[in-house]
Amino acid sequence: MSRGWKRIHRLVREAIAMAWAQRVPTVIAMVLMGGMTAAVLLTSGRASAAEAQILTSIDAVGSRAITIRAEPSAGLDYSVVERLRTIAGVEWVGAFGQAVDVSNGITGSDVAVASRVLVSTSLQPLGIAAPAVDGVAYASKRALDALGMPDAAGYLAALERTGYDMGGRLQTPEFLEALEPIVIVPRDLHQVAATMRPGDVALVIVVVQRPESVTAVADASRELVAPVDPAGVTVAAASDIARLRALVQGQLGGFSRGLTLMLTGVLAVLVGTLQFGLVMIRRKDFGRRRALGATRGLIVGLITVQTVLIACAASVLGAVIALTVLVSGREPLPPADFVAATMILTVAASGLGALAPAIVASRRDPLAELRVP
């Protein structure tokens, strides 16, 4: 072990011995620091957990979707997918064809469900792992129940055109719930390139990565769809979501930060006051140490390290108590990084609060202190 590590080891060991020798002040300090940690987690931490839950709800996929509806006169075709996917911040693009009624081709049921050709950047959001195959359709559970095909197997008949083989069941993502009951015929852009015509696309869904990008992506989409008749295109975006998110994050986040800083400042003042009182009580002991050759840096280090060690144990205890209270009350837990930051802030505030009394103790005249009866 190097000389530096030996000095640190002796300093920590002496600080622990000092804390153990002063059991009552140590317990008071632990209650103070641990109580402050628990108070922060039960107030700011609870607000942070509520903020995280609200933001998670706001950030749902449905709130990040842009819907582009096109009349046949708009002249949109499936190549719009390639243009829109180039926009920065776009997560998924899907172009849906005109609706075609299909029915159960085996039973000949009169119940019909609208089917649409889909050309998209990926089929994974719909829970389809297989690549697009021409003439194969997928249906949601509601569509299968309506068609009388619970096993997702069979044949779909379409009026005035060739029907489709049933390929399986799809999972309806949140941004497609408005189309339920839904039957889609996924196609690759290369498959439809030879036969696509202007006006084939009736609906385009664009999902962005972040809610705050919705407005910008919607504006860019208006430019890139390049319709023949702009009046036949309607772009609907949840542009208010970004403003709502910023408002919620600003209000709740500002409250949490302000309250945490206030409680931390109070903790630093209380710890400083407590340590100053202990220094005055033990000034004769510090004077004896100085007379025996202890440096000012050693005195400062002993008091500060002692306080930091107590704060570490107290912050862990306070965090455990606070989290236990939240769990028992079935309340949302603050994020792990918030808990860790609160504990670190408690230790830092305690160390800073003890620094001024430590400097005062180190600067007192040892001869004068030894004369104190």
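This text goes with the structure placed above it.
All of the points below concern the structure found in this document. (Residues numbered from 1 in each chain as written. Predicted model: local features only at pLDDT ≥ 70, side-chain atom pairs only at ≥ 80, totals over all residues. Heavy atoms only, no water.)

## Re the overall build of the protein chain
Along the backbone of the protein chain there are 11 helices and 10 strands. Taken over 373 residues, the protein chain has a buried fraction of 44%. Per element, the accessible surface of the protein chain, about 18900 Å² overall, is 61% carbon and sulfur. (Helix = DSSP H or I, 4+ residues; strand = E, 2+ residues; numbered from the N terminus. Buried < 20%, exposed > 50% of the residue type's maximum accessible area, 1.4 Å probe, protein only. Areas by Shrake-Rupley, 256 points an atom, 1.4 Å probe, with all protein chains shown as cover.)

## Some remarks on helix α6 (residues 214-224)
Taken together, the buried positions of α6 are occupied by V214, V217, A218 and S221. Taken down its axis, α6 places every buried residue within 105 degrees of arc, on the same side. Exposed and oriented more than 90 degrees from the buried face of α6 are A216 and E223. (Arc of directions from axis to C-beta.)

## Examining the pairing of strand β9 (residues 201-208)
Of all the 8 residues making up β9, 8 are buried; the element is thus mostly covered by neighbouring parts of the structure. Looking at chain direction, strand β1 (residues 65-70) and β9 are connected through 5 bridges and run antiparallel. Looking across to β9, one finds that I68 is bridged to V204. In this sheet, β9 lies alongside strand β2 (residues 90-97) in antiparallel orientation, the contact comprising 7 bridges. (Pairing = 2+ DSSP bridges.)

## Some thoughts on the environment of P335
Tracing the chain through its elements places P335 in the loop between α9 (296-328) and α10 (336-362). As for P335 and S48, which are separated by 287 residues in sequence, their C-alpha atoms are 7.5 Å apart. Beyond its immediate stretch of four places on either side in the chain, P335 contacts S48 and A49. (Contact = heavy atoms within 4.5 Å.)

## Observations regarding the side chain of S120
Looking at where S120 falls in the secondary structure, it is placed in strand β4 (residues 113-120). Apart from residues lying up to four places away in sequence, S120 is in contact with V81, W92, V93 and G94.

## Digging into a positive patch on the surface
There is a patch of like positive charges on the surface, built from K6, R7, R10 and R13. Along the chain, K6 turns up in helix α1 (residues 3-21). Here K6 falls in the partly exposed class, since its relative accessible area comes to 41%. (Patch = residues over 30% accessible without salt bridge, like charges linked within 9 Å, V, L, I, M, F, W, Y side chains within 5 Å. Salt bridge = Lys/Arg side-chain N within 4 Å of Asp/Glu carboxyl O. Lys, Arg positive; Asp, Glu negative; His and termini not counted. Charge placed at Lys NZ, Arg CZ, Asp CG, Glu CD.)

## A look at unusual backbone geometry
Omega for the bond connecting E180 with P181 falls within 30 degrees of zero, at -10 degrees, which places this linkage in the cis form. Although it is not a glycine, A152 sits at a positive phi angle of roughly 55 degrees. You can see A152 is positioned in the loop between α4 (141-147) and β6 (155-158). Positioned with a positive phi, R330 is a non-glycine residue whose angle comes to about 55 degrees. As for its position among the elements, R330 is in the loop between α9 and α10. Among the residues examined, R330 registers a relative accessible area of 82% and is labelled exposed.

Worth remembering: the numbers are spatial, not functional.
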